[in-house]
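Notes for the structure review
So you can see what is in the structure, the chains are spelled out below.
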Amino acid sequence: MQINQLPPAQQQRLLKLGISSAFDLILHLPLRYEDETHLYTIADAPFGSPVLVEGEVLSCEVNYKLRKQLNARVKDASGSLVVRLMNFYPSQAQQLAVGKRVRLYGDIKHGYFGTEMVHPKIRVGGEVSLQEALSPIYPTTAGMSQAQIATFIAKALRSTPLPDTLPESILAPLNLPDFASSVQLLHAPTPDIPTVLLTARTHPAWQRLKFDELLAQQLSLRLARAVRREKTAPKIKPVGHLAAQLIASLPFGLTGAQKRVLLEITRDLAQKHPMQRLLQGDVGAGKTIIAAVAACHAIESGLQVSMLAPTEILAEQHYQKLVSWLAPLGVNVVWLTGSLKAKAKREAIAAAADGSAQLLVGTHAIFQSSVELKNLGLAIVDEQHRFGVAQRLALREKGQSPHQLMMSATPIPRTLAMSFYADLDVSVIDELPPGRTPIVTKLISDARRDEVIERIAAKVLEGRQVYWVCPLIEESDTLQLQTAVDTHAQLAEELEGIAVGLLHGRMKPEEKAATMAAFQRNEIQVLVATTVIEVGVDVPNASLMVIEHAERMGLSQLHQLRGRVGRGAHASLCILLYTTPLGDTAKARLKVIYENTDGFEIARQDLHIRGPGDLAGVKQSGVPMLRFADLENDADLLDAAREVAEQILQTQPQLAQPHLDRWLPGRESLLKV
């Protein structure tokens, strides 16, 4: 079946469903099934689950008591039931005309009129043959009926060859069926198959498709890794003098975890192929100093380093910190962002091009085509999940296959890292620096807002500082901004004599910088901010964080925000203000953040609550989304897919391309990043 031969309107509807080929149709699997293979008598039909019954319409009337509804009584030889339709079309009333024989599919329950079916599926005419297989119910879109999508899928199944991409020698040890029969079964399962195996996706046919999907992903990532290893990067064999000077100048010592991670990075930099390492560390774990030491190794080897951050506030925090550490050692640290005045920007770009900028720190401005680096050897990307594939590719092309160090304070659970980041080497700083105080988290209803404001005043009297974060409202940046402005005005009025500042994304860069500098100098005691302060802000004297409408935020964001306090020696508190009523997901999230401070445990539970597709980083990772596999429930299949991918590439490499062509057509772009 050729999708491009369909009328344009139907092509557009299929595209909305992610369908652009016959094979996409074949993989458009049912959401659920209806069992119309068995006909019950009305008296014997079980309650509580969908059943098929048949009978003659005895009466049909529109009832206007309480609300308009259609009530019809249908009878067979064993008894009768009432069909109730609260919303109905004239055509449905005609279907239930007195004397007609109808077949009804739906739940039977006890109601006001006795045994009843509410809004069943109605088919006119009896004594026709029953379905031989369960009836699939597909995901669809406006303008496309179940019958249409089912017809398209049936045509695709008839016209598309489905040879197996995997031999029996791989399938048999895993007890997996062949691909063609698996797909056919999932589109038309026989009634003897327990429905629970289909809905829970544990039937062998489902296992086969999930395994194939995971295997394609693992093959793609391993091939991407192999392609990168064929590239040549500058070998950075650190002399170590500059790094030693930096470490000696610090007012703190490195933790054991930091030393271990540094050793891993140093080994990578000495290789002839580009390092591709993800550095994970919880909020405040000390990733920036690791990046600075790695930068020292590259600079001492005569190479340039770029450090990229997703927001100007975070980039400037890095810049100020790196200047304070490295400028006294003679390193030229240059600042480049889109908001720089023209003259300053020209100077920064010129310094990057002639090599005098040894360390270039900035935001997306570094991606611009006008920015060239003379000899980029190491590219550092902070909060890497905020950058898309094209952006990271643009950064790589600024140098001849530079080493890449990507940093993330959003911990990635092991199963997610094994799946989505299998092409990267991963280092983890799993130890916080000494002297950090644990953060106490409290959940407080918005109804007790006055008590929270009193607590703020008390904290300021103790000499401490406070963040008040306004909610992220995805639908409306304007509404978020207004919330921050209103909250700032309210707190400034209620906290008389206390300096209350305001920080939000619409402010000019110089205004943001001035506000943050004033907060760092304790000239502002309470900072009302939108979520622009989520990452990178480091004010050790701030020991109280209030997050308004915490129920609207994701776990990763709540954990990041909470990490803005507890950075000094003072006891720190994070108050999560919430508004009732709370939905189930919001309750689950707030319970997790209240009970846990370990970022990896929070990430693991976030994976459970939201699924991998929504976790920070995955949608932007450039790695295909998993449609069928579930990383929590299918960990055993993921392990098997990893082993088989390794086996195929080592002993049967000819199997890889057909499998990838089936599951990941056009995957070449993944090999470039």
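Quick note: structure is the one above.
This is a predicted model, so every value here is computed, not measured. Along each chain, residue indices are assigned from 1 in the same order as the chain's sequence is written. Reporting of local features is limited, given that this is a predicted model, to residues whose pLDDT is at least 70; pairs of side-chain atoms are given and counted only at 80 or more, and all residues count toward the totals for whole chains, interfaces and linings. Remark: hydrogens and water are excluded; side-chain values derive from all non-hydrogen atoms of the structure.

Some details on the packing of helix H19 (residues 555–562) against helix H20 (residues 584–595)
Relative placement of two packed helices is described by the angle separating their axes and the distance separating the axes. We apply this condition: The convention used is that axes are lines fitted to C-alpha atoms, helices contributing only their stretch in contact, and that angles between N-to-C directions extend from 0 to 180 degrees. Secondary structure elements follow DSSP: runs of H or I no shorter than four residues count as helices, runs of E no shorter than two count as strands, and numbering proceeds from the N terminus. Left-handed describes a crossing in which the near helix is turned anticlockwise from the far one by less than a right angle; the clockwise case is right-handed. Contact definition: two residues touch when any of their heavy atoms are within 4.5 Å. Think of it as three bins: nonpolar holds Ala, Val, Leu, Ile, Met, Phe, Trp, Tyr, Cys and Pro, charged holds Asp, Glu, Lys and Arg, and polar takes everything else, Gly as well.
Axis separation between H19 and H20 bottoms out at 10 Å; the angle between their running directions is 35°. For the element pair H19 and H20, the recorded crossing hand is right-handed. Facing Leu555, Leu558, His559 and Arg562 of H19, the residues of H20 in contact are Arg589, Leu590, Val592 and Ile593. Class assignment for the residues of the contact of H19 with H20 results in five nonpolar, one polar and two charged.

A short note on the environment of Trp663
Quick note on the threshold: The cut-offs for exposure are 20% and 50% of the maximum accessible area for each residue type, with area from a 1.4 Å probe on protein chains only; residues under the lower value are buried, those over the upper are exposed, and the others partly exposed.
On the secondary structure map, Trp663 appears in helix H23 (residues 656–663). By relative accessible area, which is 12% here, Trp663 ends up buried. Residues Trp663 and Leu27 lie 636 residues apart in sequence; the distance between their C-alpha atoms is 9.9 Å. Every residue in contact with Trp663, bar those within four places of it in the chain, is listed here: Leu27, Phe179, Leu209, Asp212, Glu213, Ala216 and Phe628.

Comments concerning the nonpolar core
Rule in force here: Think of a nonpolar core as a cluster: buried Ala, Val, Leu, Ile, Met, Phe, Trp, Tyr and Cys residues, connected wherever their side-chain atoms sit within 4.5 Å.
One finds Leu246, Leu326, Leu336, Leu359, Leu378 and Leu405 to be the most contacted residues of the largest nonpolar core, which totals 63 residues. With 10 residues, the top contributor of residues to this core is helix H11 (residues 287–300). Setting aside its immediate chain neighbours within four residues, Leu336 contacts Lys345, Ala348, Ile349, Leu360, Val361, Gly362, Thr363, Ala365, Ile366 and Val371. Among the nonpolar cores identified, the runner-up in size contains 53 residues, and Leu14, Phe179, Phe628 and Ala645 belong to it.

Let's talk about the pattern of salt bridges
Rules: Here a salt bridge means any side-chain nitrogen of Lys or Arg lying within 4 Å of a carboxyl oxygen belonging to Asp or Glu.
As enumerated under the stated definition, the model contains 23 salt bridges in all. For the salt bridge of Arg208 with Asp212, the shortest nitrogen-to-oxygen distance reads 2.8 Å. Taken together, the residues Arg208 and Asp212, both in helix H8 (residues 204–230) and four residues apart, mark about one turn of the helix. An identical accessibility class is assigned to Arg208 and Asp212; each is buried. Residues Arg449 and Glu548 are paired through a salt bridge, measuring 2.9 Å at the closest nitrogen-oxygen approach. Here Arg449, found in helix H16 (residues 449–461), pairs with Glu548, found in the loop between strand S21 (542–547) and H19; they are 99 residues apart in sequence, far enough to count as distant. Neither Arg449 nor Glu548 differs from the other in exposure class; each is buried. Each of Arg32, Glu34, Glu36, Lys121 and Arg123 takes part in one network of salt bridges that share partners.

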